[in-house]
Amino acid sequence: MRILIVEDERKVAEMVGRGLRAEGYQIDISDTGEAGLATADASEFDLVVLDLGLPDMDGLEFLKRLRIRRAEVPILILTARDATKSKVENLEAGADDYMTKPFAVGELIVRAKALLRRGPANHTQVRRVADLEIDSLRKQVKRAGLRIELTPKEYALLEYLASNHSRVVSRTMIMEHVWDQSFEGLTNIVDVYVRHLRAKVDDPFPEKLIRTVRGVGYRLTEEGAA
Amino acid sequence: MNTRSIRFRLAAWHAAFSAGIFVVLAGLLFVQVRAYLETTLFETQARRARQIAETLVAQLPKGGEAYLGRQIETLYAPELGDRFIRVTGPDGSVIYRSGPPADGSFDPARVGSLHDGGSVKPTRIDTLSDGSKLLIASFGASPGGRGTYWVEVGTSGEPVDQLVSRLLILLGLGLPVVALAASGGGYLLVRKALAPVEEIAGKAEVITQHNLNERLPVPRTSDELERLSIALNHMITRLDVAFGNSKRFVADASHELRTPLTIVQGELEALAKDTATPPEFREQLGSLLEEVERLARIVQQLFALSRLDAGEANADSDVFDLSALVVGTADQMALLAEDKGITVSKDAQGPVFVEGDRSRLKQVIVNLLDNAIKYTEPGGSVSLRTEIKGGLAILEVSDTGAGIPAEAIPHVFERFYRVRGDRGTSDTGAGLGLAIVKSICGAHGGKVEVKSIVGNGSLFRVSLPLSEKTNPDSTAPF
């Protein structure tokens, strides 16, 4: 699959490109709006990652012109603004998702994948990580065949970690998915919940599944996995 | 009445000045009228004295002294005309003296002699021993070279005294009237002239950093007040520009910091996740990432504050129940308190509807509750209360924590302010949380106050205007 990145900050473009390339996508980078439109005309893309602060044209202008050419392609916006107003404007102008700088590349990859699938994370009813079973229909969790009782927040946290199986999710990402943006910056709440979740899911068992990646976040993965 | 006010002082000066001028003019008038009346009377007496001297005294050698007396009686009837006439011979003997006047205003016998005080004066005022006053004119004649005969004609000075004393009374009565009229009129005049000052002052009072786009009223009077208000408006414009520049600076700075932060965070994350990175480096990278996160948070908060300053808070405005939001938010944060062994109690006195940006007001609750939990020792308690009081929606967050020292209280809502000796071990905040709370409350037309006793705890009270639409359903179509 092919992704077009329209971003004038070379380092940001390269960083995002590297992250997406590592996931097996083919990447094209344009550093101006005009170049981006020309590239979009020349080839078919499955996703466009667009920085709104382009040097040669207004991001929303680019969005509208791109939509005329490619009505279907999903667009993920990167913005240094985070005014509620511009969020609404972006989505109305035809963006499918948006991210505010600074963002974690990991989160961008998660969102890009969701857009490429054209829908929310896969709807597998039962997810398995080692001997942990998460039944998203019944909202039940079992480990080694034993029922584990979780509060709704703990369940939501575990399910979010499981849906990003073996990928590191940042505390900010967890915050936005499990809580909401009013809690922005209150990342210690994530740590507290993770600790409680570990007490139920990991502590009674020899194999620890919830890992901490210091400064980055958490991931749910089998022992021995990279 | 403020005796230091320009209005009062101008009116008082005006009254004093008017009264002073009145007194001077009245004095001059009094002296002039008196002098005029006396001169006129003297002239009349002098004319008569001369008449008698030239006609009757001239006939003295022919007719004799008795004849003179009779002639005077016949022609001038001094007693009936309340007049004094005396003719003195060259040897000083009185040839004729009129009798007591009909009105008894003076006693002719008490009139001093002609030569009192040396030479004969053409006019004099003779104060009699009984106190009555006589205005006397003298005229000399020398018929047939027999020496000088003096004719004195006088009249009572009382009518003049009466007239001038009546004038004095009149002027005396006029003084308070003039003073009163001058002060009253002056006061009204000054008040009218200074009315725009009141208006300008009233408007200037309500201009703060949040409504610097407003201007003072300019009275179109082409006077000093118009100039003053224009000058003040220019000053407000300069302030507006300066404030705007500083706000824009914060917004621009936080905006410009985002891209480099993204790059730093992204590259560090890539290294931290890279399995080729030695574990000891990963620790350090993690520490760096934590600081980047903190930096990003400050940038984010500064940006949020600059947006609130720009008045963009209520982009998403709806009517909702503050009590429900408080209860819901507290539930979401319950584990945070539980983990620290702090009990959180909620006391919601029924629905409290407010209108505003729900996620921003939720941030107010989150920040206050987070602070309360942060500064309360394990085993303490935090309570949340919502109620309607005095037509306002009230939210109170109180704790049994460390409290805030009195000297720090006026500053807790300032940006980057931190209470000295603040032992926030896990606190990575920059001291912007309460500034954001204040800005959000302000943007919603409300306010936040704090009361605290060191060692006993703190109480934060948010008051917001109640929504006019008490039921959110009423805004929905049927």
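Above this text you will find the structure in question.
Residues numbered from 1 in each chain as written. Chains lettered and ligands numbered in written order. Predicted model: local features only at pLDDT ≥ 70, side-chain atom pairs only at ≥ 80, totals over all residues.

1. Describing the overall build of chain A
Part 1 of the reasoning: Check the secondary structure of chain A and you find eight helices and 12 strands.
Part 2 of the reasoning: Taking all 226 residues of chain A together, 41% fall into the buried category.
Part 3 of the reasoning: Residue pairs at least 24 apart in sequence account for 57% of intrachain contacts in chain A once pairs closer than 6 positions are excluded. (Helix = DSSP H or I, 4+ residues; strand = E, 2+ residues; numbered from the N terminus. Buried ≥ 20, exposed ≤ 12 C-beta atoms within 10 Å, placed from the backbone. Contact = placed C-beta atoms within 7 Å.)

2. Observations concerning the nonpolar core
The nonpolar side chains of a soluble globular protein tend to be buried with one another.
Part 1 of the reasoning: Residues Val-16, Val-48, Val-49, Leu-50 and Leu-158 of chain A together with Leu-369 of chain B are the most contacted members of the largest nonpolar core, which totals 112 residues.
Part 2 of the reasoning: Broken down by element, this core gets its largest block of residues, nine residues, from helix H6 (residues 279-309) of chain B.
Part 3 of the reasoning: If we ignore the near neighbours within four places in the chain, the residues touching Leu-158 of chain A are Ile-134, Val-141, Leu-150, Leu-197 and Val-201 of chain A.
Part 4 of the reasoning: One finds Ala-53, Ala-137, Trp-150 and Val-151 of chain B within the second-largest nonpolar core, a separate group that totals 24 residues. (Core = buried A, V, L, I, M, F, W, Y, C linked by C-beta atoms within 7 Å.)

3. Thoughts on the interface of chain B and chain A
Part 1 of the reasoning: The interface is formed by 41 residues belonging to chain B together with 33 residues belonging to chain A.
Part 2 of the reasoning: If you list the elements that add at least two residues to the side of chain B that touches chain A, you get helix H5 (224-273), H6, helix H8 (334-339) and helix H9 (358-374) of chain B.
Part 3 of the reasoning: Of the residues that constitute the side of chain B that touches chain A, the class distribution is 14 nonpolar, 13 polar and 14 charged. (Nonpolar A, V, L, I, M, F, W, Y, C, P; charged D, E, K, R; others polar.)

4. Remarks on the environment of Ser-229 of chain B
Residues and elements named next belong to chain B.
Part 1 of the reasoning: Mapped onto the elements of the fold, Ser-229 is located in helix H5.
Part 2 of the reasoning: Sequence spacing of Ser-229 and Pro-196 is 33 residues, and the spatial spacing of their C-alpha atoms is 9.3 Å.
Part 3 of the reasoning: Leaving out residues up to four positions away in the same chain, Ser-229 has contacts with Ile-200, Leu-216, Pro-217, Val-218 and Pro-219.

5. Observations concerning the environment of Leu-395 of chain B
Residues and elements named next belong to chain B.
Part 1 of the reasoning: Among the secondary structure elements, Leu-395 is positioned in strand E10 (residues 392-399).
Part 2 of the reasoning: Overall, Leu-395 belongs to the buried group, with 27 C-beta atoms counted inside 10 Å.
Part 3 of the reasoning: Filtering out sequence-adjacent residues up to four positions away, Leu-395 remains in contact with Leu-322, Val-326, Thr-386 and Val-462.

6. Quick notes on unusual backbone geometry
Part 1 of the reasoning: Following Lys-101 of chain A, the chain continues to Pro-102 of chain A via a peptide bond in cis, the omega torsion being 0°.
Part 2 of the reasoning: Topologically, Pro-102 of chain A is positioned in the loop between strand E5 (97-100) and helix H5 (105-116).
Part 3 of the reasoning: If you check the backbone angles, Ala-144 of chain A has positive phi at about 50° while not being a glycine.
Part 4 of the reasoning: Looking at where Ala-144 of chain A falls in the secondary structure, it is placed in the loop between strand E8 (140-143) and strand E9 (146-148).
Part 5 of the reasoning: The class for Ala-144 of chain A is exposed, based on 12 C-beta atoms found within 10 Å.
Part 6 of the reasoning: Positive phi, close to 55°, is recorded for Asp-82 of chain B, a residue that is not glycine.

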